[in-house]
Amino acid sequence: MAVADHPLDGAIEKVNQRFKAAQLGLQVERRGQKLNLRGTLPPRPDSPRLRPHQQRIPLKIPATKAGLKQIEQQAKVIAADLIQQQFDWHHYTLSQGSKPLASAELADKLVAFEHYYRHRAAATSTGAAINTTWDK
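Residues numbered from 1 in each chain as written. Predicted model: local features only at pLDDT ≥ 70, side-chain atom pairs only at ≥ 80, totals over all residues. Heavy atoms only, no water.

**Things to note about helix α1 (residues 9-21)**
The test is simple: Runs of H or I in DSSP of at least four residues are treated as helices and runs of E of at least two as strands, each being numbered from the N terminus. To estimate how far a helix should reach, multiply one less than its number of residues by 1.5 Å. We call two residues contacting when some pair of their heavy atoms lies within 4.5 Å.
With 13 residues, α1 should cover 18 Å at 1.5 Å per step; its first-to-last C-alpha distance of 18 Å lies within 8% of that length. In this structure, the buried side of α1 is in contact with β1 (26-31), β2 (34-41) and α2 (65-83).

**What about unusual backbone geometry?**
Peptide bonds are trans in most cases, and residues, glycine excluded, mostly fall at negative phi. For clarity, the cut-off: Throughout this description, buried means an accessible area under 20% of the type-specific maximum (1.4 Å probe, protein chains only), exposed means over 50%, and partly exposed covers the range between.
Positive phi values are uncommon outside glycine, yet Gln23 reaches one of about 55°. Looking at the secondary structure, you find Gln23 in the loop between α1 and β1. Judged by its relative accessible area of 70%, Gln23 is exposed. Within the chain, Gln85 stands out as a residue other than glycine whose phi angle is a positive 55°. Accessibility expressed as a relative area gives 75% for Gln85, which makes it exposed.

**Remarks on the side chain of Glu72**
Mapped onto the fold, Glu72 is located in helix α2. When residues no more than four places from it in sequence are discounted, the contact partners of Glu72 are Val15, Arg18 and Phe19.

**Quick look at the pattern of salt bridges**
Opposite charge on two side chains permits pairing when their charged atoms draw close. This is how the line gets drawn: When a carboxyl oxygen of Asp or Glu lies within 4 Å of a side-chain nitrogen of Lys or Arg, that pair is called a salt bridge.
Applying the stated criterion to the full structure yields 4 salt bridges. Between Arg18 and Glu72 there is a salt bridge whose closest N-O contact spans 2.7 Å. In this pair, Arg18 sits in helix α1 while Glu72 sits in helix α2, placing the two residues 54 residues apart along the sequence. What makes Arg18 partly exposed here is its relative accessible area of 44%. Its salt-bridge partner being Glu29, residue Arg56 comes within 2.3 Å of it at the nearest N-O pair. Of this pair, Arg56 sits in strand β3 (residues 53-62) while Glu29 is found in strand β1, placing the two residues 27 residues apart along the sequence. On the basis of relative accessible area, Arg56 is assigned to the partly exposed category, the value being 35%. By relative accessible area, which is 10% here, Glu29 ends up buried.

**Re the nonpolar core**
Under the convention used in this document: We call a set of buried residues a nonpolar core when its members are Ala, Val, Leu, Ile, Met, Phe, Trp, Tyr or Cys and they connect through side-chain atoms within 4.5 Å of each other.
Of all hydrophobic cores here, the largest spans 21 residues; its most connected members are Val28, Leu35, Leu37, Ile57, Leu68 and Ile71. Of all the secondary-structure elements, those providing two or more residues to this core are α1, β1, β2, β3 and α2. Looking at this core element by element, the count peaks at 5 residues for α2. Contact partners of Val28, with chain neighbours within four places excluded, come to Ile12, Val15, Asn16, Phe19, Leu35, Asn36, Leu37, Leu68 and Ile71.

Structure follows, in structure tokens:
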């Protein structure tokens, strides 16, 4: 049983060819009615892996012409972050409200950052020191 082609599949292939020619290291991928990016990315914060490996960024952009333009722009930003070694998974992972942090409200971003800070600091500091630093 063959899966029916999506009207955007040809356009996605052209975008991927341009990305390959520009050596962006990313590909647009359609999964159902959503578009995502795939490429060799640094390990996620909760991953036991130490080296970059093939992963998906779950942008969940609608599989439309406008969505394809949006994901193409996002891919350029991500590729630039990767080149400058400034890629941060926290911009693309889900927050408590099930939205990517990049599109979350400021209050949700602050809660996510506090959680991230306390988690990272716990490896090197005591609870009292973490609380003091966060409060200041």
